[in-house]
Amino acid sequence: MKASPAQARTVEAGLPAEAEEVAFDIKNFSLWYGQRQALQDVTIRIPAKKVTAIIGPSGCGKSTFLRALNRMHELTPGTRLEGSLRHFGEDLYGPGVEAVAIRRRVGMVFQKSNPFPTMSIAENVLVGLRLNGVRDKRVLQSRLEESLHMAALWDEVKDVLNRPGTSLSGGQQQRLCIARSLAVQPETLLMDEPCSALDPLATAKIEELIQTLRERYTVVIVTHNMQQAARCSDRTAFFYLGRLIEFGNTRNIFTSPSNPQTEAYVSGRFG
Amino acid sequence: MTESPYLPTPQFARWRKAKSSAVTGILVACALAVIAPLFLVIYFLLEKGFSSLDWNFFTQLPKPTGEVGGGMANAIVGSVVLLAMATVFGVPFGIFGGIYLAEYGSDRANNWIRFAADVLNGVPSIVWGMVVYLLLVVPFKGFSAYAGGVALGLMMVPLVMRTTEEVLILVPQSYREAALALGVARWKMIVVIVVRTALKGIATGVIIALARIAGETAPLLFTALGNTFWSHNLKEPISALPLQIFAYGLSPYDDWHRQAWAGALVLMALIIVLNVTVRVLSRDRSKTD
């Protein structure tokens, strides 16, 4: 199947169409861990209210890239970066910009589900709000329900909200973590291989959930699983050796990639 | 019939079995030698002290020299007061120091702090007594419960600090990341997530430190001094079980020797209770995690 010329151009330019709102506008972004350069000159515009998948072999910098989007990489000592990263127009690394404020707008779900072991299901969902000073019981109750509904977990836990978060199954725990991230009402949700520790059934539930999330949130998901990227993302970015090799509509990336390295990777010839 | 080449000669097999049981025997004997002192201590304390444990021992003040009877009520209360003061003085520094080591300190600074804490752990307890004597007894012109509490508290600091650091480091990094990713400030993350997750471990460390200092006599000799009456003012000398045992044990009176044994039995019981508490806490922890 041949891509139409218009589509091919989009793929090559790596840019969303003009009318689209941009969530992350990233230009000439490079990042070092000490002496080692992990990302080289990445320029990408990630669209708002779409699911963008980041694929690439292990060590290609995709997790590093994701963690730079809400400055989680700063927990690793000795990192340094160059370039410009904007989230809905605001410079993520501008002078005086606090990582804490960014992370409230750009939430993150991790590879391994990590509900807080000392807290109940309800407390886990609400911890972000409580620690950010929300005291109003009505607000907390409505956010609790709303977040658990959004995370497609409400029906399973509505009668056991006071049980420990760790009493849930692996897939439920991961959805609890998604609910916890949604409760602080971020604009963007970053997901770092959220299904890699889950069985196929739990994975299917999370993927279904990602489809509904895009109505309200921008989702950026790092995945090792190319079928997952193909199934649940609108855009796909292929990283290799710290560089963004190709970015475009997921369908094009998987059916008619313009770069031979992308083609080799998505067809399973390496990685 | 041919002998299998893998079968040892009967003599060799006997010799090997003898060696095996000899070594096993030595190991069992050593293991018994390790726990035997505990049973000896408990046996002697029960034999010499149990008969003297009566209502009076827990409720009465020591009788004046030469008179028979009386008890160690003031020493028991004094010990509790001193341990409480040591906890108040020592535990906050220990916990906050441990949080610094686990969450904030640079590798370089941490190495120095850990080294200092390990040296402090090895400072003989009599030296603590002398230092606090110079710091608090001489300037304020008098022995006091405060000085005793500070001396014991100082001994708790390095112990609590190191155990706090250890249990905080055991809290998985993923919980810290999860909290930070919610836009929670770092200090709130540390208090609400990290410290709360490790709370049992920290409590265990505090109790272990209490058990360590509960029987200390030397740091109190130059600080709390001891008192044969109720102490109503923390600026005055106060009695403590180890001090009272020390004083009675050195005395020439049989009745006081009897009471010293009873005091030692009470002190030992306190330390066993603290250690059992630690075991129960640690068992709960391994179950929930």
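Conventions and cut-offs
Residues numbered from 1 in each chain as written. Chains lettered and ligands numbered in written order. Predicted model: local features only at pLDDT ≥ 70, side-chain atom pairs only at ≥ 80, totals over all residues. Heavy atoms only, no water. Helix = DSSP H or I, 4+ residues; strand = E, 2+ residues; numbered from the N terminus. Buried < 20%, exposed > 50% of the residue type's maximum accessible area, 1.4 Å probe, protein only. Contact = heavy atoms within 4.5 Å. Areas by Shrake-Rupley, 256 points an atom, 1.4 Å probe, with all protein chains shown as cover. Phe/Tyr/Trp six-rings, centres within 6.5 Å; stacked < 30°, edge-to-face > 60°. Lys NZ or Arg CZ within 6 Å of the ring centre and 35° of its normal. pLDDT = per-residue confidence, 0-100. Pairing = 2+ DSSP bridges. Axes fitted to C-alpha atoms, helices over the stretch in contact; angles between N-to-C directions. Parallel < 35°, antiparallel > 145°, perpendicular 65-115°, else oblique. Left-handed = near helix turned anticlockwise from the far one by under 90°. Nonpolar A, V, L, I, M, F, W, Y, C, P; charged D, E, K, R; others polar. Buried area = accessible area lost by both parts, 1.4 Å probe. Salt bridge = Lys/Arg side-chain N within 4 Å of Asp/Glu carboxyl O. Polar contact = N/O pair within 3.5 Å; in protein donor to acceptor, adjacent residues only side chain to side chain.

Draft legend 1. Just the overall build of chain B, in detail. Each helix and strand counted, chain B has 12 helices and zero strands in total. Ordering the α and β elements of chain B from the N terminus gives α-α-α-α-α-α-α-α-α-α-α-α. Overall, chain B is about 95 × 65 × 35 Å in size when its C-alpha atoms are taken along their principal axes. Counting all 289 residues of chain B, 40% fall into the buried class. In chain B, of all internal contacts separated by at least 6 residues, the share reaching a separation of at least 24 is 75%. For chain B, the accessible area works out to roughly 16,200 Å², and carbon and sulfur atoms hold 70% of it.

Draft legend 2. Up close: the packing of aromatic side chains. Residues and elements named next belong to chain A. Following the criterion strictly, the structure yields 12 aromatic pairs over all chains and no others. Taken together, F29, F65 and F239 form an aromatic cluster joined through their ring pairs. A cation over an aromatic ring shows up here: R80 above the ring of W32, its NZ or CZ 4.2 Å from the ring centre. Across from the ring centre of F116, 4.5 Å away, lies the NZ or CZ of R180, which sits over that ring.

Draft legend 3. Geometry of the confidence of the model for chain B. Chain-level statistics for chain B give a pLDDT mean of 92 and a share of 97% at 70 or above. Among the prediction metrics, the complex's ipTM stands at 0.87, with pTM recorded as 0.84.

Draft legend 4. Looking closely at the pairing of strand 3 (residues 51-55) of chain A. All names here are of chain A. Here strand 3 lies mainly inside the structure; five of its five residues are buried. Burial along strand 3 is two-sided: V51, A53 and I55 and T52 and I54, pointing in opposite directions, are all buried. Sheet analysis places strand 3 next to strand 8 (residues 218-222), joined by four bridges and oriented parallel. Along strand 8, the bridge assignment pairs A53 with I221. Relative to strand 9 (residues 235-240), strand 3 runs parallel, the two sharing four bridges.

Draft legend 5. Quick peek at the sheet that holds strand 10 (residues 243-249) of chain A. All names here are of chain A. In space, the six strands of this open sheet follow the order 6-7-8-3-9-10, with mixed pairing throughout. Pairing within the sheet leaves two strands with one partner each, and these edge strands are strand 6 (106-109) and strand 10. Mean inter-strand twist for the sheet, computed between neighbouring axes without regard to direction, equals 20°. In this fold helix 8 (residues 200-213) packs onto strand 3, strand 7 (188-192) and strand 8, with an angle of close to 150° to the strand it touches most, strand 8.

Draft legend 6. Here's a closer look at the pairing of strand 4 (residues 79-87) of chain A. Residue and element names in this part refer to chain A. Inspection of the sheet shows strand 1 (residues 22-33) paired to strand 4 by eight bridges, in the antiparallel sense. Across the sheet, the residue bridging to S30 is E82, located in strand 4. The pairing of strand 4 with strand 5 (residues 90-91) spans two bridges and is classified as antiparallel. Bridge pairing in strand 5 places R86 opposite D91. Here strand 4 hands over to strand 5 after two residues, with F88 in that stretch at a positive phi of 45°.

Draft legend 7. Fine view of the packing of helix 6 (residues 145-170) of chain B against helix 9 (residues 199-214) of chain B. Residues and elements named next belong to chain B. Running from amino to carboxyl end, helix 6 crosses helix 9 at an angle of 150°, the nearest separation of the two axes being 8 Å. The angle between helix 6 and helix 9 places the two elements in the roughly antiparallel class. Seen from above, helix 6 lies across helix 9 with right-handed handedness. The segment helix 6 lies against helix 9, with L152, M155, M156, L159, V160, T163, T164, V167 and L168 engaging G201, I202, G205, V206, A209, L210, R212 and I213. Here the contact of helix 6 with helix 9 is built from residues that sort into 12 nonpolar, four polar and one charged.

Draft legend 8. Representation of the interface of chain A and chain B in the model. Counting from both sides, the interface comprises 25 residues of chain A and, opposite them, 16 residues of chain B. Ranking the residues of chain A by area buried against chain B places A:F116, A:T118 and A:L131 at the top, with a combined share of 32%. At the junction of chain A and chain B, the tally comes to one salt bridge. A:R67 is paired through a salt bridge with B:E177; the nearest N and O atoms lie 2.7 Å apart. Counting across the chain A and chain B interface gives five residue pairs in polar contact (both at pLDDT 80 or more). Elements with a contribution of two residues or more to the side of chain A that touches chain B: helix 3 (99-105), strand 6, helix 4 (121-131) and helix 7 (170-183) of chain A. Residue contributions to the side of chain A that touches chain B peak at four residues, all from helix 4 of chain A. Class assignment of the residues belonging to the side of chain A that touches chain B gives a composition of 13 nonpolar, seven polar and five charged.

Draft legend 9. Structural context of the pattern of salt bridges. For the structure shown, the criterion picks out 18 salt bridges over all chains. Across the pair A:E20 and A:K50 runs a salt bridge, and its minimum N-O distance is 3.5 Å. Of this pair, A:E20 sits in the loop between helix 1 (5-13) and strand 1 while A:K50 sits in the loop between strand 2 (36-47) and strand 3, and the two are 30 residues apart along the sequence. Between B:R258 and B:D255 there is a salt bridge, with its nearest N and O atoms 2.6 Å apart. With B:R258 and B:D255 both in helix 12 (residues 254-288) and three residues apart, the pair spans about one turn of that helix. With relative accessibility at 30%, the residue B:R258 sits in the partly exposed group. Since its relative accessible area comes to 12%, B:D255 is described here as buried. Through salt bridges with shared partners, a single ionic network connects B:R114, B:D118, B:R162 and B:E165.

Draft legend 10. Highlighting the confidence of the model for chain A. Residues and elements named next belong to chain A. Averaged over all residues, the pLDDT of chain A equals 90, while 93% of them reach at least 70. For chain A, helix 1 is the element with the lowest average pLDDT, namely 43, and strand 8 is the one with the highest, namely 97. The low-confidence segment residues 1-14 (pLDDT under 50) makes 13 contacts with residues lying over four places distant or belonging to another chain.

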